[in-house]
Amino acid sequence: MLYQNLSLSSILVLHGPNLNLLGLREPQFYGNLTLDDVNRLLEKEAQALEVKVSCLQSNHEGVLVDAIQAALGQHNGILINAGAYTHTSVAIRDALSAVKIPTVEVHLSNIYQREAFRHHSYIAPIAIGQISGFGADSYRLGLQALVGQIKIKELAKP
Ligand code: DQA
């Protein structure tokens, strides 16, 4: 009810390197769903939340940086699983800081239960928050949290 006058939000979903291999890749960490399954799950959740999602996967850091820059004026939220770039990429963090689009970071696995090099995220300090360890549900929960935050910010506008 409260949200009914808000315009439809558009969320950019970014999947980083090796996430195209979901379903095949280390199922003990990443589960059995494919990337298409995850995107379908997000589409379904987006419908329920009355938002639009645009999903992109790339194995290339620069492609992800370009997509973040191009999101300016096109999307009002970014849901990102940067994969291994989470732990290495100052460029992706800088792009997110530059565009200032509200961002939620997600991970299928619980990165804090794994190797020490996965415990640090360059993105976490500039994201609204991080959801990690719920498998594909991390994305669904992340989308819910992101849309909730966007709506709260909209409502706070004079
Ligand atoms: C991941 C965790 C990262 O450490 C890893 O490099 C990935 C996937 C996850 O979703 O759990 O590629 O982001």
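Residues numbered from 1 in each chain as written. Predicted model: local features only at pLDDT ≥ 70, side-chain atom pairs only at ≥ 80, totals over all residues. Heavy atoms only, no water.

Q: So what's going on with the overall build of the chain? Which residues, and what values?
A: On a plain count of helices and strands, the chain comes out with five helices and five strands. N-terminal to C-terminal, the α/β element order of the chain is β-α-α-β-α-β-α-β-β-α. The globule rule puts the C-alpha radius of gyration for 158 residues at 15 Å, and the 15 Å found for the chain is close to it. For the chain, the proportion of its 158 residues judged to be buried stands at 44%. When contacts within the chain are restricted to residue pairs at least 6 apart in sequence, long-range pairs at least 24 apart make up 77% of them. On the chain, the mean spot of the 12 positive side-chain charges and the mean spot of the 13 negative ones are 4 Å from each other. (Helix = DSSP H or I, 4+ residues; strand = E, 2+ residues; numbered from the N terminus. Rg over C-alpha atoms; globule rule 2.2 N^0.38 Å. Buried < 20%, exposed > 50% of the residue type's maximum accessible area, 1.4 Å probe, protein only. Contact = heavy atoms within 4.5 Å. Lys, Arg positive; Asp, Glu negative; His and termini not counted. Charge placed at Lys NZ, Arg CZ, Asp CG, Glu CD.)

Q: Tell me about the packing of helix H2 (residues 35-49) against helix H5 (residues 137-156), and please be specific about residues and values.
A: The N-to-C vectors of H2 and H5 enclose an angle of 35°; their axes lie 9 Å apart at closest approach. Seen along the crossing, H2 lies across H5 with a hand that is right-handed. For the pair H2 and H5, contact is made by Val38, Leu41, Leu42, Glu45, Ala46 and Leu49 and by Tyr139, Arg140, Leu143, Gln144, Val147 and Lys151, respectively. Here the contact of H2 with H5 is built from residues that sort into eight nonpolar, one polar and three charged. (Axes fitted to C-alpha atoms, helices over the stretch in contact; angles between N-to-C directions. Left-handed = near helix turned anticlockwise from the far one by under 90°. Nonpolar A, V, L, I, M, F, W, Y, C, P; charged D, E, K, R; others polar.)

Q: I'd love a proper account of the pattern of salt bridges, names of residues and values included.
A: Inspection of every chain in the model, using the stated rule, returns six salt bridges. Close ionic contact of aspartate 137 with arginine 140 constitutes a salt bridge, the shortest N to O distance being 2.6 Å. In this pair, aspartate 137 and arginine 140 are both assigned in helix H5, three residues apart and thus about one turn of the helix distant. You can call aspartate 137 partly exposed: its relative accessible area is 29%. Salt-bridge contacts for lysine 157 lead to glutamate 154; the nearest nitrogen and oxygen are separated by 3.3 Å. A cluster of three or more residues bridged by salt bridges with shared partners is formed by Glu45, Asp137 and Arg140. (Salt bridge = Lys/Arg side-chain N within 4 Å of Asp/Glu carboxyl O.)

Q: So what's going on with the sheet that holds strand S2 (residues 52-57)? Which residues, and what values?
A: Here we have five strands laid out as an open sheet, ordered S2-S1-S3-S4-S5, and parallel in their pairing. Single-partner strands in this sheet number two, and they are S2 and strand S5 (129-132). The average undirected angle you get between the axes of adjacent strands in this sheet is 20°. Strand direction decides the pairing type here: strand S1 (residues 10-15) and strand S3 (residues 77-81), joined by five bridges, are parallel. (Pairing = 2+ DSSP bridges.)

Q: Please set out unusual backbone geometry residue by residue, giving values where relevant.
A: One non-glycine residue, asparagine 18, adopts positive backbone phi at about 70°. Of note, asparagine 18 is situated in the loop between S1 and helix H1 (27-30). We note that glutamate 50 has phi near 60°; this positive angle belongs to a residue other than glycine. Tracing the backbone through its elements, the reader meets glutamate 50 in the loop between H2 and S2. Take glutamate 50: its relative accessible area is 61%, and that puts it in the exposed class.

So far we have only geometry, and geometry alone does not tell us how the molecule works.
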